[in-house]
Amino acid sequence: MSNTNGGFLSLPKGFSTMAIHEEQEPEKWAHKEVIMPISLTVSYKQSEPGIVKKYSHSRQGNPTRDVLERVIAKMENGNCATCYGSGLGSITTLLALLKQGDHILCIDDVYGGTYKLFTEVGTRFGVEVSFSNCNVTSFAKNIRSNTRMIFVETPTNPTLQIVDIEELSKLAKKHGALLVVDNTFLTPYFQRPLVLGADIVMHSLTKYMNGHSDVSMGALVVKDEQIGKRLKFLQEHMGVVPSPFDCYQVLRGMKTLTLRMDQHRENSLAVARYLENHPKIEKVLHPGLPSHPQHELAKKQMSGHSGMLAAYIKGDIVTTKKFLKSLKCFTLAPSLGDSESLVALNAVMTHSGVPKEQREKLGITDNLVRFSVGIEDTEDLLADLEQALAQI
Ligand SMILES: *Cc1c(COP(=O)(O)O)cnc(C)c1O
């Protein structure tokens, strides 16, 4: 495999079969359905008052959700997964693992919604938050005696920096803090943080895992049974559960996860290479390019990369907007991980809530365009870029 994926880690064996069949044997269902039936009921009959067979209320447990959670736990090499109404809903639940006076050390180039949740909600409940750049030495410098959680994305959003998960997990353990890795950008097909030492994997299933831009859902995956039990409790009692129908949609989406991710990888690399050689592009950020400052680290901890990349257009915001408006195959929209290719001007779209000074420090300038490269024909995407760049 290593010669076909540019020297990245070898891909997990049997992963596609797992994504399609795990926990979904027809023998388990009443009529041996090949596709698992959806269980929509909220309430369950009791044989005697207080005698519960397995489920009592769907907030506490639901057969469709259970299957989804077990498949995701398996994919991530975890023991317990819990799903939530959105990615941010899962991070809200993470906050409830903490108490007043605890500190979160978060990566600075973080999803805009996570930034707002930590700084404008967490802090109201007395949870402190501060930020570090992607280097483990910077995390070590910024850790406090009350740091209980380290939260990172890798690659980061939108500048695609890589965090060394294994090294950071050693630091977290030494200080008794939980290491949370947001694995939305890569999915377990390309990166499995629990294997590298992380304590909790977080997902916005809204993105690549479901992959069809028609479900909002999040997940947390852990190895530790105590934390798993606590998260199950919080999921039920905070009420942040997803609907059974949405769980079915994600199970369906995941059946094609590996096919989609392989195509996202091929297309994003083709787009990155094309842009890197274009005179109207200042710089391209993509972990699969040898020019990426952390390309070697990427190859060490990832088995591939998704459709995410970013590029700086030569010119100001007016030029950049003109380029975006000229695109036909790429749709100007937030979100990512869909079959459709999307572009975003992060400074005014996903990161408008981050103060300008902080944004510029992170490299999220007015000419930075983030691409979520979809799974269309490569030639059509390159032709679209060609004609849009010709307009500026
Ligand atoms: C979208 C996203 C989230 C938030 O997930 P929602 O499902 O939209 O609530 C968190 N982290 C990353 C990296 C994301 O892309």
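### Points about the overall build of the chain
From N to C terminus, the chain includes 14 helices and 12 strands. Computed over C-alpha atoms, the radius of gyration of the chain comes to 21 Å, within 12% of the 21 Å expected from 2.2 N^0.38 for 392 residues, which places it in the range of a compact globule. By principal-axis analysis of the C-alpha atoms, the chain measures approximately 75 × 50 × 35 Å. In the chain, which comprises 392 residues, the share counted as buried stands at 56%. Once local pairs closer than 6 in sequence are excluded, the contacts in the chain between residues at least 24 apart make up 74%. Approximately 16,700 Å² of the chain is accessible, and the part contributed by carbon and sulfur atoms is 54%. Across the chain, the centroid of the 43 positively charged side chains sits 4 Å from that of the 42 negatively charged ones.

### Points about the pattern of salt bridges
One pass over the full model with this rule turns up 15 salt bridges. Among the ionic pairs, Arg265 bridges to Asp262, the shortest N-O distance being 3.4 Å. A residue pair is termed a helical-turn pair when its members lie 3 or 4 positions apart in one helix, as Arg265 and Asp262 do in helix α10 (residues 257–276) at three residues. A residue is classified by how much of its surface remains accessible, and Arg265, at 10% relative accessible area, is buried.

### Remarks on the domain arrangement of the chain
Segmentation of the chain into domains returns domain 1 (3–254) and domain 2 (257–389). Between domain 1 and domain 2, the C-alpha centre-to-centre distance is 25 Å. Each partner contributes to the interface: domain 1 provides 45 residues, whereas domain 2 provides 45 residues. Both faces combined, the contact of domain 1 with domain 2 buries some 3,800 Å², and carbon together with sulfur accounts for 61% of it. Of all residues in domain 1, Phe8, Phe190 and Tyr208 give up the largest surface area on contact with domain 2, accounting jointly for 22% of the area buried on that side. Here domain 1 is connected to domain 2 by one salt bridge. Across the salt bridge formed by Asp164 and Lys300, the nearest N and O atoms sit 3.7 Å from each other. Sorting the residues of the side of domain 1 that touches domain 2 by element identifies α1 (15–21), α4 (112–121), α7 (187–190) and α9 (244–254) as the ones contributing at least two each.

### As for the environment of Val348
With respect to the helices, strands and loops of the structure, Val348 is situated in the loop between β11 (342–344) and α13 (356–362). Here the alpha-carbon distance between Val348 and Ser47, two residues 301 residues apart in the chain, equals 57 Å.

Rules and cut-offs
- Residues numbered from 1 in each chain as written.
- Predicted model: local features only at pLDDT ≥ 70, side-chain atom pairs only at ≥ 80, totals over all residues.
- Heavy atoms only, no water.
- Helix = DSSP H or I, 4+ residues; strand = E, 2+ residues; numbered from the N terminus.
- Rg over C-alpha atoms; globule rule 2.2 N^0.38 Å.
- Buried < 20%, exposed > 50% of the residue type's maximum accessible area, 1.4 Å probe, protein only.
- Contact = heavy atoms within 4.5 Å.
- Areas by Shrake-Rupley, 256 points an atom, 1.4 Å probe, with all protein chains shown as cover.
- Lys, Arg positive; Asp, Glu negative; His and termini not counted.
- Charge placed at Lys NZ, Arg CZ, Asp CG, Glu CD.
- Salt bridge = Lys/Arg side-chain N within 4 Å of Asp/Glu carboxyl O.
- Domains from an automatic or database assignment.
- Buried area = accessible area lost by both parts, 1.4 Å probe.

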